[in-house]
Amino acid sequence: MSTEKEFSLTELNKPADWSNLPVMAKKHVPIIEAPSNVKANEPFVVKIKVGGIDGVEHPNTLSHWINWVALYAGERLISKIEFGAELSDGYVVTLNVTLNESTTLRAQEFCNLHGVWEGKPKKINV
Ligand SMILES: [Fe+2]
């Protein structure tokens, strides 16, 4: 049983141990799907799904929902997508991305009750 707090509203929430994710992390971390190898300046598809790990989906109600998802190349923002409460389905975002050099993609999301969460980074070789 973990004694560490389940989430922070003031600091970035980032799982430390992916082999033993708490339910809060399964519900909140954004998962990046993208090819590992891409060609320079050729668009490729990046899919981001918030939560749903082991079937643990995040609620989507007027009082508790995922407000936004952001995708970064290293420290540079690629895109930030906002969700309206109740109206999005499954918190899935699909983006066309174009890179001109190798980078690490990072995805973050913000839950109105549980703060900002970041998932596993995804290295992309150009
Ligand atoms: Fe939440």
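Before reading further, recall that the structure is shown in the block above.
Definitions and cut-offs
Residues numbered from 1 in each chain as written. Predicted model: local features only at pLDDT ≥ 70, side-chain atom pairs only at ≥ 80, totals over all residues. Heavy atoms only, no water. Donors = N, O, S within 2.8 Å, 3.2 Å for Na, K, Ca; no water. Helix = DSSP H or I, 4+ residues; strand = E, 2+ residues; numbered from the N terminus. Buried < 20%, exposed > 50% of the residue type's maximum accessible area, 1.4 Å probe, protein only. Pairing = 2+ DSSP bridges. Core = buried A, V, L, I, M, F, W, Y, C linked by side-chain atoms within 4.5 Å. Contact = heavy atoms within 4.5 Å. Axes fitted to C-alpha atoms, helices over the stretch in contact; angles between N-to-C directions.

Draft legend 1. Spatial organisation of the coordination of the iron ion. Those protein atoms acting as donors to the iron ion are His 28 (NE2), His 58 (NE2), His 64 (NE2), Cys 111 (SG) and His 114 (ND1), and they sit at 2.1 to 2.3 Å. Read in sequence order, the donor residues coordinating the iron ion give the pattern H-x29-H-x5-H-x46-C-x2-H. With a gap of 56 residues between them, His 58 in the loop between β2 (44-50) and β3 (66-73) and His 114 in the loop between β6 (103-111) and β7 (115-118) connect regions that are remote in the sequence.

Draft legend 2. Looking closely at the pairing of β3. Most of β3 is tucked away, with eight of its eight residues classed as buried. Taken together, the seven bridges between β3 and β6 define a ladder with antiparallel strand orientation. If you follow Tyr 72 over to β6, its bridge partner there is Arg 106. Looking at chain direction, β3 and strand β4 (residues 76-82) are connected through six bridges and run antiparallel. Bridged to Trp 68 within β4 is Glu 82. Taking the residues that link successive antiparallel strands as the turn, the β3-β4 hairpin has two residues, and the phi of Gly 74 there is positive, at about 65°.

Draft legend 3. Expanded view of the nonpolar core. Ranked by internal contacts, the top residues of the largest apolar core, which has 23 residues, are Phe 44, Val 46, Ile 48, Leu 71 and Leu 105. Secondary-structure elements contributing two or more residues to this core are β2, β3, β5 (92-97) and β6. Apart from residues lying up to four places away in sequence, Leu 71 is in contact with Ile 32, Val 46, Ile 48, Arg 76, Leu 77, Ile 78, Ser 79, Leu 95, Val 97, Leu 105, Arg 106 and Ala 107.

Draft legend 4. Spatial organisation of the sheet that holds strand β1 (residues 30-33). On the basis of which strands lie adjacent, the open sheet formed by three strands has the order β1-β2-β5 and antiparallel pairing. Of all the strands in the sheet, the pair left with one neighbour each is β1 and β5. Direction aside, the axes of adjacent strands within the sheet are offset by 20° on average. In terms of strand pairing, β2 meets β5 through six bridges, oriented antiparallel. The partner of Val 46 across the bridge, within β5, is Leu 95.

Draft legend 5. Quick peek at the environment of Val 46. Locating Val 46 in the fold gives a position in strand β2. Residue classification places Val 46 among the buried residues on the basis of a relative accessible area of 0%. C-alpha of Val 46 to C-alpha of Leu 71: the two residues are 25 residues apart in sequence and 9.3 Å apart in space. Every residue in contact with Val 46, bar those within four places of it in the chain, is listed here: Ile 32, Glu 33, Ala 34, Leu 71, Val 93, Thr 94, Leu 95, Val 97 and Leu 105.

In short, the description is geometric, and any link to function would need to be established separately.
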